[in-house]
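Okay, here's what each chain looks like letter by letter:
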Amino acid sequence: MAGSGWETVAAAAGVSVSTARGWWGERKVKRLLARRARQQCLCLSRRGSTQRPAEAAVSSPAGGDEGCTPSGRASRKLASALSHMQRSSGMTIHDAAQQADLSPSYVSRILAGDRVPNWPVVHMLATIFGGRAQELRTLWESAQGVSYPARQGVHSAAQRLQDALRGLYLAASCPELTRARDRGLTTQAAGEALRGEVVPDWPTTSALITWLGGHPADVRPLWEDVHYAFLASHDVFPCGGLPRSRLPEPEAGDGSGAL
């Protein structure tokens, strides 16, 4: 694979072309792309129809995470999200490790939350499992203690918030949205937030995070970034949430595109 092909792989993984070449050989990339094409429909259908495990983690806002640092909680959520992807794919840890050219014991430690790998490994495993790696990016960055820019465009800020919510949703094993009523949320409000159609107000966002087993304080800075960016570029943040249609057009250098 050469030229624009390697550039595409590197851009998708968020690494340089030389790093992508070092991590993935041509044969491995072809296997990953073929596997993703076969798994995508199966993975989506299973998420919509199978019984979701780990219901206790959804009904309990913090579970065993009380007293843990934000990065430690993010590490656990990242492991839970990858584990959900692995279960949904129907792939064994041994087969996934073989495709990724990693040892099964190392993959097991990643899924158990004992190891936080670098981003190329997270991206590769998510791809092998037929998932969307970008939905894990914010969790991974939080697990690594990455700090976000003090000021960013509203689209970039909104995308980070949506990725964080999607990551928590995966970590909770994609529960049925009707169960959001346990936290006083409507199915519509939960679905709009997770699909990125609306940036909810903070009470709704907080309730959604709690329902998904997360800590609102860990995600609050991301919501505040959206709030600040919107106020700086538009007008008053609307009561009840910000519909996607009201986001201002991305400015040059925003780099996020549409939600």
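It should be noted that the structure appears before, not after, this text.
Fair warning: this is a prediction, and the values are worked out from it, not measured in the lab. (Residues numbered from 1 in each chain as written. Predicted model: local features only at pLDDT ≥ 70, side-chain atom pairs only at ≥ 80, totals over all residues. Heavy atoms only, no water.)

Enquirer: What am I meant to see in the packing of aromatic side chains here?
Expert: Two measures describe an aromatic ring pair: the distance that separates the ring centres and the angle between the ring planes. Here the structure, examined in full by the defined rule, presents two aromatic pairs. Taking 5.7 Å as the distance between ring centres and 50° as the angle between the ring planes, the aromatic pair formed by W119 and W140 counts as tilted. Here W140 lies in helix α9 (residues 137–143) and W119 lies in helix α8 (residues 119–128), a separation of 21 residues in the sequence. On the basis of relative accessible area, W140 is assigned to the buried category, the value being 12%. With 5.8 Å between their ring centres and 55° between their planes, W202 and W223 make a pair best called tilted. In this pair, W202 sits in helix α12 (residues 202–211) while W223 sits in helix α13 (residues 216–233), placing the two residues 21 residues apart along the sequence. Taking relative accessible area as the criterion, W202 reaches 15% and is therefore assigned buried. Above the face of the W119 ring, R137 is positioned so that its terminal group lies 4.6 Å from the ring centre. (Phe/Tyr/Trp six-rings, centres within 6.5 Å; stacked < 30°, edge-to-face > 60°. Helix = DSSP H or I, 4+ residues; strand = E, 2+ residues; numbered from the N terminus. Buried < 20%, exposed > 50% of the residue type's maximum accessible area, 1.4 Å probe, protein only. Lys NZ or Arg CZ within 6 Å of the ring centre and 35° of its normal.)

Enquirer: How should I be thinking about the nonpolar core in this particular structure?
Expert: Among soluble globular proteins, nonpolar side chains are generally buried collectively. Ranked by size, the top nonpolar core spans 52 residues in total, and within it L82, L125, F129, L136, L161, L208 and L212 carry the most contacts. If one sorts the elements of this core by residue count, helix α10 (residues 154–171) sits on top with nine residues. (Core = buried A, V, L, I, M, F, W, Y, C linked by side-chain atoms within 4.5 Å.)

Enquirer: Just to check I follow, could you spell out the side chain of D201 for this structure?
Expert: Along the chain, the position of D201 falls in the loop between β1 (198–199) and α12. Buried charged residue D201 carries no salt bridge. Nearest counter-charge: R220, at 10 Å. (Lys, Arg positive; Asp, Glu negative; His and termini not counted. Salt bridge = Lys/Arg side-chain N within 4 Å of Asp/Glu carboxyl O.)

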